[in-house]
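What the coordinates show
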Amino acid sequence: MQIALTLSVGLAAQNPISHYWHKISDPTFRGVYHANGFDLAMMIPYFIVLLVLAVYGLHRYWLVYDYFAYSKNVPPAPPPVANWPRVTVQLPIFNERYVIERLVEAVSRFDYAPELLDVQVLDDSTDETCEVARACVERHAAQGMPIVYIHRSNREGYKAGALENGLKTSRGEFVAIFDADFLPEPDFLRRTIPYFMNPDGGAKIGMVQTRWTYLNSDYSLLTNVETILLDGHFVVEHGARSRRGTFFNFNGTAGVWRRKAIDDAGGWEHDTLTEDTDLSYRSQLKGWKFLYLPQIECASELPVDMNGFKAQQARWAKGLMQTAKKILPKVLKSDAPWHVKAEAFFHLTGNISYPLMIVLSTMLLPAMIVRFYQGWFQMLVIDLPLFLASTCSISSFYLVAQRELRPKTWWRTFLYMPFVMATGIGISVRNAQAVIEALLGKKSEFARTPKFNIEGKQGTFAKKSYRNKAGWMPYAEVLLGLYFSLTIIYAIWNENYATVPFLLLFVWGYLYTGCMSLGQTYFARLRFGVNAPEMRPATSGAPGF
């Protein structure tokens, strides 16, 4: 018994869990460790960055709260329309030879009176898309479709310039806009226009936005992640802002504008890369009301290559920061309610989190070294709340969106959340560069997102044109992934096991985005595919709207 007891005590002393608990609760250095100047120089910026990220994380919780707290504030169904108005349908394209015919075919099936329609294909293309689009327009025009082909020899103003140019010859009281990769349903106009015609407040509505769905969400792991990210935006963000009555933005496509609202706001301007958000805020500052109709869906194609996805995200990040510099001072000086101003601030400046994420990334290892002798109590009281605010809010945000859209299968989203968070970390390098360029006033071209006519798990982009180049950015992402691999080794070496899962997100995020960018540049068939539970959300829309 004596020997057995001795062995049990010895084994318990060597148990890794017991040893780790002894380490974090060991009071040896309590009262001995004192922070020096170097430690403070590292820790003060570290906690400032973490605090700012936590504030933006708390804002996500606030959006979820508004989403449920104002769930009854949804527009009622409008009465039947007696006299339907004339509508202009604008289809802006640039080098879209793979999808333009699919788009025109979808618009040709609109169940709207042809004599009240005029469809414009606004083509800025510089390749064979011109011939494809012109032939497509001529074919449908010969069949009686009211469609015209408008080609510009330059891209002045990019998409905003093309839309403004189309308005010069448009005749519609309302303007519906669809990007090249979208497939609106035949009853799209029949379901959206009545809200403008509603005798009870319809005259004040300047824009109606519908919800995107996705033709190829099950194509790969990347498209599954994109689906979750966009669903969060369209369900929680748009839902919360529209229900609360704060400003929200037109998404550039799958929406309808009142022509007067565009003109009253000053028309399309192209001094930012998010001309849709810019016009949205200028229009709402003029007093126009926006409606979000999640029950009306419009299918779209997600980017299937990592470089295209990163280019899209960087354009949005830079454009929103440009819009913040341009519009936010006007919003803050306006007579809008305080909650509208606060929401506008968080909406337009939210991408500042990307450069802060890079700063946090580079400081994690020095912070771990500096805090080696600090007690676990500080970690529990200070770090844990900030971590929950800045990181776990992301999970709750996207899980709520999936639960609203897919009440029976939403729990499967838990499996994807590590990939969602890791991808958000991985694209932070490219997005941080875009945000800094916006803050410094550096201009750049409108980088379109290439689409390849890929639906479901069918099709490939391996031999197709328009793929974005990788550039130097993926190498920086791979280096950051290797850096965090060393950080994990350091954490394990010093028995700081609690930080390892968090650090693994950084390793996977940077290595995944970097290696996918390089791999798809040289091996374009690389997919890392998984099967999603369904191709697109059900037509019933989001429950509770």
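Residues numbered from 1 in each chain as written. Predicted model: local features only at pLDDT ≥ 70, side-chain atom pairs only at ≥ 80, totals over all residues. Heavy atoms only, no water.

Before going further, it helps to examine the overall build of the protein. When its secondary structure is counted, the protein shows 18 helices and eight strands. Looking at the 545 residues of the protein, the share that counts as buried comes to 56%. Put simply, 84% of the contacts in the protein that link residues at least 6 apart link residues at least 24 apart. On the protein, roughly 24,000 Å² of surface is accessible, and the fraction owed to carbon and sulfur atoms is 63%. (Helix = DSSP H or I, 4+ residues; strand = E, 2+ residues; numbered from the N terminus. Buried < 20%, exposed > 50% of the residue type's maximum accessible area, 1.4 Å probe, protein only. Contact = heavy atoms within 4.5 Å. Areas by Shrake-Rupley, 256 points an atom, 1.4 Å probe, with all protein chains shown as cover.)

Here we come to the pairing of strand 7 (residues 255-258). Alternating positions in strand 7 separate into two faces, Gly255 and Trp257 on one and Val256 and Arg258 on the other, with burial throughout. Pairing between strand 4 (residues 174-177) and strand 7: four bridges, direction antiparallel. Within strand 7, the position partnered with Ala176 by the bridge is Val256. Bridge count between strand 6 (residues 205-214) and strand 7: three bridges; the pairing is antiparallel. Paired with Val208 across the two strands is Val256, which belongs to strand 7. (Pairing = 2+ DSSP bridges.)

Turning our eyes to something else, we now look at helix 17 (residues 473-493). The end-to-end C-alpha distance of helix 17 is 31 Å, a good match for the 30 Å that 21 residues give at a rise of 1.5 Å each. At the exit of helix 17 stands Glu495, carrying a positive phi of roughly 60°. (Expected span 1.5 Å × (residues − 1).)

Within the structure shown, the criterion is met by 23 salt bridges. In this structure, Arg241 engages Glu237 in a salt bridge whose closest nitrogen and oxygen atoms are separated by 2.9 Å. One end of the pair is Arg241 and the other is Glu237, both in helix 8 (residues 221-244) and four residues apart, which spans about a single turn. With a shortest N-O distance of 3.7 Å, Lys442 and Glu437 are connected by a salt bridge. Here the residues in one salt-bridge network are Glu269, Asp271, Asp278, Arg282 and Lys326, joined through shared partners. (Salt bridge = Lys/Arg side-chain N within 4 Å of Asp/Glu carboxyl O.)

As judged from the five bridges shared by strand 2 (residues 117-123) and strand 3 (residues 147-151), these two strands associate in the parallel manner. Counterpart to Val119 in the pairing with strand 3 is Ile147. After leaving strand 2, the chain enters helix 5 (residues 129-142) and then returns to the sheet as strand 3, a path that is right-handed. (Right-handed = clockwise from strand over helix to strand, strands pointing away.)

So, about the environment of Thr129. Here Thr129 lies in helix 5. With 32 residues separating them in the primary sequence, Thr129 and Arg97 have C-alpha atoms 4.5 Å apart. Polar contacts involving the side chain of Thr129 include one to the main-chain amide nitrogen of Glu96, which spans 3.1 Å. (Polar contact = N/O pair within 3.5 Å; in protein donor to acceptor, adjacent residues only side chain to side chain.)

A few words now on the nonpolar core. Core analysis: the biggest nonpolar cluster contains 65 residues, and Val89, Leu189, Trp257 and Trp268 have the highest contact counts within it. Element by element, the count of residues in this core is highest for strand 8 (residues 289-300), at six residues. Sequence-distant contacts of Trp268, that is, excluding residues within four places in its chain, are made with Ala160, Leu163, Glu164, Leu167, Ile177, Phe250, Trp257, Ile262, Glu275, Asp276, Leu279 and Arg282. Counting 28 residues, the second-largest nonpolar core is a separate cluster that includes Met42, Val49, Phe484 and Val500. (Core = buried A, V, L, I, M, F, W, Y, C linked by side-chain atoms within 4.5 Å.)

For the coordinates displayed, the defined rule picks out 26 aromatic pairs. Consider the rings of Phe484 and Tyr510, whose centres lie 5.9 Å apart with planes at 20°: the pair is stacked. Placement of the pair is Phe484 in helix 17 and Tyr510 in helix 18 (residues 500-522), with a sequence separation of 26 residues. Each member of the pair, Phe484 as well as Tyr510, is classed as buried. Three or more aromatic residues joined by ring pairs make a cluster, and in this case those are Phe248, Phe250, Trp257, Trp268, Phe290 and Tyr292. The ring centre of Phe94 lies 3.6 Å from the NZ or CZ of Arg155, which sits over that ring. One cation-aromatic arrangement involves Arg243 over Tyr67; the distance from NZ or CZ to the ring centre is 4.1 Å. (Phe/Tyr/Trp six-rings, centres within 6.5 Å; stacked < 30°, edge-to-face > 60°. Lys NZ or Arg CZ within 6 Å of the ring centre and 35° of its normal.)

Another point: the environment of Val99. By the element assignment, Val99 lies in the loop between strand 1 (87-93) and helix 4 (100-108). Taking the C-alpha atoms as reference, Val99 lies 9.8 Å from Ala133; in sequence the two are 34 residues apart.

For sheets, the rule is that strands pair by backbone hydrogen bonds, running either parallel or antiparallel. On the basis of which strands lie adjacent, the open sheet formed by eight strands has the order 3-2-1-4-7-6-8-5 and mixed pairing. Bordering the open sheet on either side are strand 3 and strand 5 (182-183), each of which pairs with just one other strand. As judged from the two bridges shared by strand 5 and strand 8, these two strands associate in the antiparallel manner. When the sheet's bridge partners are listed, Phe182 is paired in strand 8 with Ser300. Lying on the sheet, helix 5 is in contact with strand 1, strand 2 and strand 3; it crosses strand 3 at an angle near 160°. Strands strand 1, strand 2, strand 3 and strand 4 of the sheet are contacted by helix 6 (residues 158-167), whose axis makes an angle of about 145° with strand 1. (Axes fitted to C-alpha atoms, helices over the stretch in contact; angles between N-to-C directions.)

When pLDDT is averaged along the protein, the result is 84, and 80% of the positions lie at 70 or above. Residue range residues 28-33 is modelled with pLDDT below 50. Its contacts to residues more than four positions away, or to other chains, number five contacts. Every residue in residues 525-545 scores below 50 in pLDDT, and together they form 72 contacts with partners more than four places removed in sequence or on other chains. (pLDDT = per-residue confidence, 0-100.)

Before going further, it helps to examine unusual backbone geometry. With phi around 50°, Asn95 is a residue other than glycine that occupies positive phi space. Note that Asn95 resides in the loop between strand 1 and helix 4. Backbone geometry at Ala254 places phi at a positive 60°, although glycine is not the residue there. Within the secondary structure, Ala254 sits in the loop between helix 8 and strand 7.

What follows covers helix 16 (residues 428-440). Across its 13 residues, helix 16 extends 18 Å between first and last C-alpha, which sits within 8% of the 18 Å expected from 1.5 Å per residue. Buried within helix 16 we find Ser428, Val429, Asn431, Ala432, Ala434, Val435, Glu437 and Ala438. Two residues or fewer past helix 16, Gly441 is found with a positive phi of approximately 80°.

What follows is about a nonpolar patch on the surface. A cluster of nonpolar residues, Leu40, Ile44 and Ile48, forms a patch on the protein surface that exposes about 280 Å² of accessible area. Along the chain, Ile44 falls in helix 3 (residues 37-69). (Patch = residues over 30% accessible without salt bridge, like charges linked within 9 Å, V, L, I, M, F, W, Y side chains within 5 Å.)

Attention now moves to the packing of helix 16 against helix 17. Helix-helix packing: each pair is described by the crossing angle between the helix axes and the interaxial distance. Across the interface, helix 16 lies against helix 17 with an axial gap of 9 Å and an inter-helix angle of 125°. When the axis of helix 16 is compared with that of helix 17, the two are oblique. For the pair formed by helix 16 and helix 17, the contact residues are Val429, Arg430 and Gln433 on the first element and Met473, Glu477 and Leu480 on the second. Class assignment of the residues belonging to the contact of helix 16 with helix 17 gives a composition of three nonpolar, one polar and two charged. (Parallel < 35°, antiparallel > 145°, perpendicular 65-115°, else oblique. Nonpolar A, V, L, I, M, F, W, Y, C, P; charged D, E, K, R; others polar.)

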